[in-house]
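Notes for the structure review
Residues per chain, in single letters:
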Amino acid sequence: MSEHSIAGKKVAFLLTDGVEQEELTSPWQAVKEAGGQPTLVAPSSGRLQGYNGTDKGDTFNVDLTVAEANASDFDALVLPGGVVNADHLRVDRDAQNFARSFFEQHKPVASICHGPWLLIDAGVIRGRNVTSYHTLQTDLKNAGANWTDQEVVVDQGLVTSRSPKDLSAFNSKLVEEISEGLHAGQTA
């Protein structure tokens, strides 16, 4: 249980098929336990296929399509990883715009594993301190980010982690940043 309450805070989880299941379910549970209200946002309605590595996992109901979603209706954004999930989201214009809006509104964003790929294509990563799954470090550095190999990096409301093994630290910082609210340095 978190010592930070985010009671009543609305948190968008943006993902699509191929999401790394644990990177969705673990932060989702952390948000709920701290009193937050998670919402699953995706490019298409219906159900999404989660994965445990390369094996199919559970399916998840989409609450809202990203085209219908508005960052103004949420207090924070979570971007779970998974190679297939992240690779499809990064080229989705609605996903890019939705993610960018959270930065423009100075709201917390948390992204784990391959999730930061979307932040490159959304144009919000230059000059930011981040981490990610190690295979993204060149992409992130080329986009102007300051990449380091740490379990969790927090930069003005932007929380990033490397992989499922970092979920405990990721979830803790995610809830802490949401409880703190807006961050002036969190900007596009």
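Heads up: the structure comes first, above all this text.
Residues numbered from 1 in each chain as written. Predicted model: local features only at pLDDT ≥ 70, side-chain atom pairs only at ≥ 80, totals over all residues. Heavy atoms only, no water.

The next point concerns the sheet that holds strand 7 (residues 76-79). Across the sheet, which stays open at both edges, the seven strands sit in the order 6-3-1-7-8-12-11 with mixed pairing between neighbours. The two strands at the open ends of the sheet, each matched to only one other strand, are strand 6 (64-65) and strand 11 (152-155). Summarising the sheet, strand 3 (residues 37-42) and strand 6 pair through two bridges and their orientation is parallel. Bridge pairing links Ala42 to Thr65 in strand 6. Packing against the sheet, helix 1 (residues 21-33) makes contact with strand 1 (10-14), strand 3, strand 7 and strand 8 (109-112), and its axis sits at approximately 150° to strand 3. (Pairing = 2+ DSSP bridges. Helix = DSSP H or I, 4+ residues; strand = E, 2+ residues; numbered from the N terminus. Contact = heavy atoms within 4.5 Å. Axes fitted to C-alpha atoms, helices over the stretch in contact; angles between N-to-C directions.)

In this section: the nonpolar core. Counting residues in hydrophobic clusters, the biggest one holds 31 residues, and the most contacted among them are Leu14, Val41, Leu77, Phe98, Phe102, Ile125 and Leu140. Elements that contribute at least two residues to this core include exactly strand 1, strand 7, helix 2 (83-89), helix 3 (93-104) and helix 4 (116-121). It is helix 3 that provides the largest number of residues to this core, a total of five residues. Excluding anything up to four places from it in sequence, Ile125 contacts Leu119, Ile120, Val130, Leu140, Ala143, Gly144, Ala145 and Leu158. Core analysis: the second largest hydrophobic core is formed by 27 residues, Leu40, Leu48, Ile112 and Phe170 among them. (Core = buried A, V, L, I, M, F, W, Y, C linked by side-chain atoms within 4.5 Å. Buried < 20%, exposed > 50% of the residue type's maximum accessible area, 1.4 Å probe, protein only.)

This brings us to the pairing of strand 4 (residues 47-52). Sheet analysis places strand 2 (residues 19-20) next to strand 4, joined by two bridges and oriented parallel. If you follow Val19 over to strand 4, its bridge partner there is Gly50. The sheet contact formed by strand 4 and strand 5 (residues 55-61) spans five bridges and is antiparallel. Note on strand 5: the bridge partner recorded for Gln49 is Thr59.

Let's shift gears to helix 1. An α-helix turns once every 3.6 residues. As a result, residues three or four positions apart point the same way. Helix length check: helix 1 (13 residues) gives 18 Å between terminal C-alpha atoms against 18 Å at 1.5 Å per residue, within 8%. Within helix 1, burial applies to Gln21, Glu23, Leu24, Pro27, Ala30 and Val31. Looking at the residues trailing helix 1, positive phi occurs at Gly35, about 95°. (Expected span 1.5 Å × (residues − 1).)

Read across the sheet, three strands follow the order 2-4-5 without closing on themselves; strand pairing throughout is mixed. In this open sheet, the two edge strands, each paired with only one partner strand, are strand 2 and strand 5.

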